[in-house]
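Given next are the chains, with one letter for each unit.
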Amino acid sequence: MEILPERSASRPPGSYRLSKSKFLSGLQCHKRLYLEIYQRELAAEPDEQTQAILDMGTEVGEEARRLFPGGVLVEADHRHPTEALRRTAELLGDPTVPAIFEGAFEFENVLVRVDILERVSLETTGPETERDAWRLIEVKSSTRVKDIHLDDLAVQSYVLAGAGVALAGAWLMRINNQYVYQGGDIDLEQLLARDDLTALVAARQGEVPARLADMKAMLAQPAPPAIEPDGHCHSPYDCLFWDHCTKDKPARWIYHLPGGERTYKQLAVRGIQTIDEIPSDFKLSIFQRRVKDNQEWVGPQLRAALGSVRYPVHHLDFETFMPAIPKFPMTRPYQTIPTQWSNHIEDEAGAVRHEEYLCLDPKDPREELAVTLLESLGREGSICVYSTYERSILKSLAERLPSLRQELESAMARLWDLLPVIQEQYYHPQFGSSFSIKSVLPALVPALDYGDLEIQEGSLAAQRYCRMVFEETDWVERERFREALLKYCQRDTLAMVELRKALLSRTAAPSR
Ligand code: SF4
């Protein structure tokens, strides 16, 4: 249920039709709800990663329906609520329909679409349709019950009860990440766990009327509420109005100080707006102090730390994907599957060569990936990585491939992590509060950032990989994705080569 009314200061509370998603937006932030209704154009476009998460949810939802044979989908979409309501009422009254998918219900100007409504027979007498009650089931691609799911089910239960539907419980259907796919057809009963949340939802349902009343009163105001952006803007979901709400904040806004919400609130309550205004007696961690000092800092041990590598130095990066519905036998939902590696190899004279692997077929890539990788890594030299991620991938490969375990463990013993070297021995003002390679590289090697790449981020690489291997049929598009994936992974490892050089050049600078 979408409402897109003209902005009206005189619109009386209660005259708005809210959807479930709007209600949940309102729980996160009243200002968000207000802007979604009146000034949607101020929102940023959802990026491809967000869209990929939504698509995953849709895929899981469609799989869940297969557990209710004979269930009927209400086809009318959100632009046709009247038709959806009419069709739902028709299905409710048809005793041969065991389940309704995307049923539409409205009560007190709140309209919800229900993922699955399962008909449950009750032990009573009377006409057949009166003996029926309905189990409300919300389907999520999440692996655990979250607070937002209770609110989601609570508003649906409230509307359904108000619309006269006899409810026989409120359930969540979610991904069971302990399920191990055995090959062949997916065992949906195992893949999808069911949680009976009836009691928890009932407790929360009582809060819905007051919350709705507050939202409707707020929506009748001539301007959005004055709500300051902070951590609530990112939980449970990133708000698309973040850029709008923070557009007037100073570049060195205290929200950007590392250390989390608590430090931010302690400073905000004292009226401190920028990192530069933080008083000298305010207790800061070493990292926070570096951010406040806002100057390049070279640690006394940087040269020694950089010199601890052994040549030839390999620079390794993996790309992976994590399908909600397992693709390969003996894998679990959301298991990390490496699909690609890049290795830049630098010898002692400074010569650099590059090797890489990318699986192009819809098969389990792990054994081929491990064999080619071990060949590229040889038996000598440090393996430079950025964070502990590559270690975790090598470990999982060693567990999966007993015949390669020893060699993979030997490779793990050669890992040399550049991230803690930087964290402990170097700071540049351009890092801000982040040591991610995407923040560090432009500061130290400005000529080599990610701006020219089609893929600039790991989750987009995963999404493109899935499209290339499992969906895309146009070979031109497949080729485009292949090239973009290779370039992205290659950039990560070349970045490490250049970062080591740039850091070494800084060790001549005087340290403070
Ligand atoms: S960015 Fe934050 S303050 Fe602004 S509308 Fe979104 S949640 Fe509310």
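These numbers were taken from a predicted model, which means no experiment stands behind them.

### A look at the overall build of the protein
Secondary structure summary: the protein contains 19 helices and 14 strands in total. Projected onto its principal axes, the C-alpha coordinates of the protein cover approximately 90 × 60 × 40 Å. Each of the 512 residues in the protein was classed as buried or not, and the buried ones make up 47%. Accessible area for the protein stands at about 24700 Å²; split by element, carbon and sulfur atoms hold 50% of it. For the protein, the centre of its 60 positive side-chain charges and the centre of its 78 negative side-chain charges are spaced 4 Å apart.

### Side note on helix α16 (residues 418-425)
Three or more residues of α16 are buried, namely L418, L419, V421, I422 and Q425. Take α16 and look down its axis: the buried residues cluster within an arc of 165°, on one side only. Where α16 begins, the capping side chain belongs to D417, and its oxygen is found 3.0 Å from the backbone nitrogen of L419.

### Some remarks on the site of the ligand
In the region of the ligand, the neighbouring residues are C29, K31, R32, I227, P229, H232, C233, C239, F241, W242 and C245. Looking at the shell around the ligand, the elements that each hand over two or more residues are α2 (30-38) and α9 (242-245). For the shell around the ligand, the class distribution of residues is 8 nonpolar, 1 polar and 2 charged.

### Let's talk about the packing of aromatic side chains
Counted under the stated rule, the structure contains 18 aromatic pairs. When the ring of F287 is compared with that of F435, the centres are 4.8 Å apart and the planes differ by 35°; the resulting orientation is tilted. Of this pair, F287 sits in helix α11 (residues 286-293) while F435 sits in the loop between β14 (426-427) and α17 (437-444), placing them 148 residues apart in sequence. We classify F435 as buried; its relative accessible area is 11%. Taken together, the ring pairs in this structure connect F287, Y426, Y427, F431 and F435 into an aromatic cluster. Above the ring of W297, the side-chain terminus of R290 is found at 3.4 Å from the ring centroid. When the ring centre of Y450 is taken as reference, the NZ or CZ atom of K438 above it lies at 4.7 Å.

### Re the sheet that holds strand β12 (residues 383-385)
The mixed open sheet is built from 5 strands, whose spatial order is β11-β10-β9-β12-β13. Two strands bound the open sheet, and with one partner strand each, they are β11 (352-358) and β13 (415-417). Taking each pair of neighbouring strands and ignoring which way they run, the sheet shows an average axis angle of 30°. As defined by bridge partners, strand β9 (residues 313-321) adjoins strand β10 (residues 337-346) across 9 bridges and the pair is classed as antiparallel. Paired with F318 across the strands is W341, a residue of β10. Along the sheet face, helix α19 (residues 475-506) touches β9, β10, β11, β12 and β13 and points at about 45° away from the line of β10.

### Details of the pairing of β10
For β10, the tally of buried residues reaches 10 of 10 residues, placing the bulk of the element in the interior. Note: β10 against β11, 7 bridges, orientation antiparallel. Bridge assignment links S342 to a residue of β11, and that residue is E356. Once β10 ends, the chain turns through 5 residues before running back antiparallel as β11, passing G350 with a positive phi of about 95°.

### Some thoughts on the nonpolar core
I278, Y386, L418, I422, F431, L444 and L499 are the most contacted members of the largest nonpolar core, which totals 83 residues. The dominant element in this core, judged by the number of residues it contributes, is α19, at 10 residues. Two domains each donate at least three residues to this core, and these are domain 2 (249-294) and domain 3 (296-512). Core analysis: the next-biggest nonpolar cluster, separate from the first, contains 41 residues, L18, V110, V201 and A220 among them.

### A word on α19
The end-to-end C-alpha distance of α19, which contains 32 residues, comes to 46 Å, matching closely the 46 Å that a straight helix rising 1.5 Å per residue would cover. Here α19 starts with a cap whose side-chain oxygen sits 2.8 Å from the backbone nitrogen of V476, and that cap is D474.

### Things to note about the side chain of E346
By secondary structure assignment, the location of E346 is in strand β10. Overall, the relative accessible area of 7% leaves E346 in the buried class. Apart from residues lying up to four places away in sequence, E346 is in contact with Y311, P312, V313, H315, A351, V352, V497 and R500.

Rules behind the numbers
- Residues numbered from 1 in each chain as written.
- Predicted model: local features only at pLDDT ≥ 70, side-chain atom pairs only at ≥ 80, totals over all residues.
- Heavy atoms only, no water.
- Helix = DSSP H or I, 4+ residues; strand = E, 2+ residues; numbered from the N terminus.
- Buried < 20%, exposed > 50% of the residue type's maximum accessible area, 1.4 Å probe, protein only.
- Areas by Shrake-Rupley, 256 points an atom, 1.4 Å probe, with all protein chains shown as cover.
- Lys, Arg positive; Asp, Glu negative; His and termini not counted.
- Charge placed at Lys NZ, Arg CZ, Asp CG, Glu CD.
- Arc of directions from axis to C-beta.
- Polar contact = N/O pair within 3.5 Å; in protein donor to acceptor, adjacent residues only side chain to side chain.
- Near = heavy atom within 4 Å.
- Nonpolar A, V, L, I, M, F, W, Y, C, P; charged D, E, K, R; others polar.
- Phe/Tyr/Trp six-rings, centres within 6.5 Å; stacked < 30°, edge-to-face > 60°.
- Lys NZ or Arg CZ within 6 Å of the ring centre and 35° of its normal.
- Pairing = 2+ DSSP bridges.
- Axes fitted to C-alpha atoms, helices over the stretch in contact; angles between N-to-C directions.
- Contact = heavy atoms within 4.5 Å.
- Core = buried A, V, L, I, M, F, W, Y, C linked by side-chain atoms within 4.5 Å.
- Domains from an automatic or database assignment.
- Expected span 1.5 Å × (residues − 1).

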